[in-house]
Amino acid sequence: VQLQASGGGLAQAGGSLRLSCAASGRTFSTYGMAWFRQAPGKEREIVAAITWAGGGLYYANSVKGRFTISRDNAKNAVYLQMNSLKLEDTAVYYCAADRERVRPSITMIQGNYGTWGQGTQVTVSS
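None of the values given here were measured: they were computed from a predicted structure.

**A closer look at the environment of A23**
Phase 1 of the analysis: Tracing the sequence through the fold places A23 in strand β3 (residues 17–24).
Phase 2 of the analysis: In the structure, A23 is positioned 21 residues away from Q2 in sequence and 5.5 Å away in space, judged by C-alpha atoms.
Phase 3 of the analysis: Once you skip the residues sitting within four places of it in the chain, A23 turns out to touch V1, Q2, L3, F28 and N76.

Below, the structure is given as structure tokens:
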């Protein structure tokens, strides 16, 4: 699986952005996916994750209720809808694919994600 993230940009606080991650490879539908972010001077952190079949979801407390992760296996894509953006959401966002196929449960462990997209910058201004 190879990943290409897009959709980042500049948004005002309170606004919305939708990130997309396009995957290549016929086995995309068998991998759990996640979005991570890294702000300047901070460690990379998980934002949201979704199981391979889409039935399991995880959100970091900081984005719960504002962000929504989804996937379309027919289009080999995963999305992150970001609403009510805050200044602290400013970061480079990365999509990532699980190392393990058809993992039965959600994983939030960064080391369990073995394929990464190139990152897309999200900047939220006041």
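**Focus: the side chain of N76**
Phase 1 of the analysis: Looking at the secondary structure, you find N76 in the loop between β7 (67–72) and β8 (77–82).
Phase 2 of the analysis: For N76, the side chain forms a polar contact with the main-chain oxygen of G25, separated by 3.0 Å.
Phase 3 of the analysis: When near neighbours in sequence (up to four residues on either side) are disregarded, N76 contacts C21, A22, A23, S24, G25 and F28.

**Let's talk about the pairing of β8**
Phase 1 of the analysis: Of all 6 residues in β8, 5 are buried, a share of seventy percent or more.
Phase 2 of the analysis: In this structure, β3 lies alongside β8, joined through 6 bridges in antiparallel fashion. The partner of A22 across the bridge, within β8, is A77.
Phase 3 of the analysis: Relative to β8, β7 is paired through 6 bridges, and the arrangement is antiparallel. Residue pairing for β8: T68 is matched across the bridge by Q81.

**A closer look at the environment of R101**
Phase 1 of the analysis: With respect to the helices, strands and loops of the structure, R101 is situated in strand β9 (residues 91–101).
Phase 2 of the analysis: Assessed through its relative accessible area of 45%, R101 is described here as partly exposed.
Phase 3 of the analysis: Once the C-alpha coordinates of R101 and T27 are considered, the two residues, 74 residues apart in sequence, prove to be 8.6 Å apart.
Phase 4 of the analysis: The residues touching R101, leaving out its near neighbours within four places in the chain, are T27, T30 and Y31.
Phase 5 of the analysis: Within the structure, the side chain of R101 is placed 3.2 Å from the side chain of T30, a separation counted as a polar contact.

**Let's talk about the pattern of salt bridges**
Phase 1 of the analysis: Counted under the stated rule, the structure contains 5 salt bridges.
Phase 2 of the analysis: One salt bridge connects E45 with R37, and the closest N-O pair in it is separated by 2.8 Å.
Phase 3 of the analysis: Residue D89 pairs with R37 through a salt bridge whose shortest N-O separation is 2.9 Å. Here D89, found in the loop between β8 and β9, pairs with R37, found in strand β4 (residues 31–38); they are 52 residues apart in sequence, far enough to count as distant.
Phase 4 of the analysis: Residues joined by salt bridges that share partners form a network here, namely R37, E45, R66 and D89.

Calculation rules
Within each chain, residues carry numbers counting from 1 in the order of the written sequence. With the structure being a predicted model, the display of local features is reserved for residues of pLDDT at least 70 and the display and counting of side-chain atom pairs for 80 or more, all residues being used for whole-chain, interface and lining totals. Values reported for side chains reflect all heavy atoms of the structure, with hydrogen atoms and water molecules removed beforehand. Helix and strand definitions here come from DSSP, where helices need a minimum of 4 consecutive H or I residues and strands a minimum of 2 consecutive E residues; each element is numbered from the N-terminal end. Whether two residues are in contact is decided by their heavy atoms: any pair within 4.5 Å suffices. N or O atoms within 3.5 Å of each other form a polar contact, as long as, within protein, one can give a hydrogen and the other can take it, and as long as residues adjacent in sequence are counted only when both atoms are side-chain atoms. Only protein chains enter the accessibility calculation, which uses a 1.4 Å probe; a residue is then buried when its area is under 20% of its type maximum, exposed when over 50%, and partly exposed in between. Two strands are counted as paired when DSSP detects at least two bridges linking them. Just to be clear on terms, a salt bridge is a Lys or Arg side-chain nitrogen sitting within 4 Å of an Asp or Glu carboxyl oxygen.

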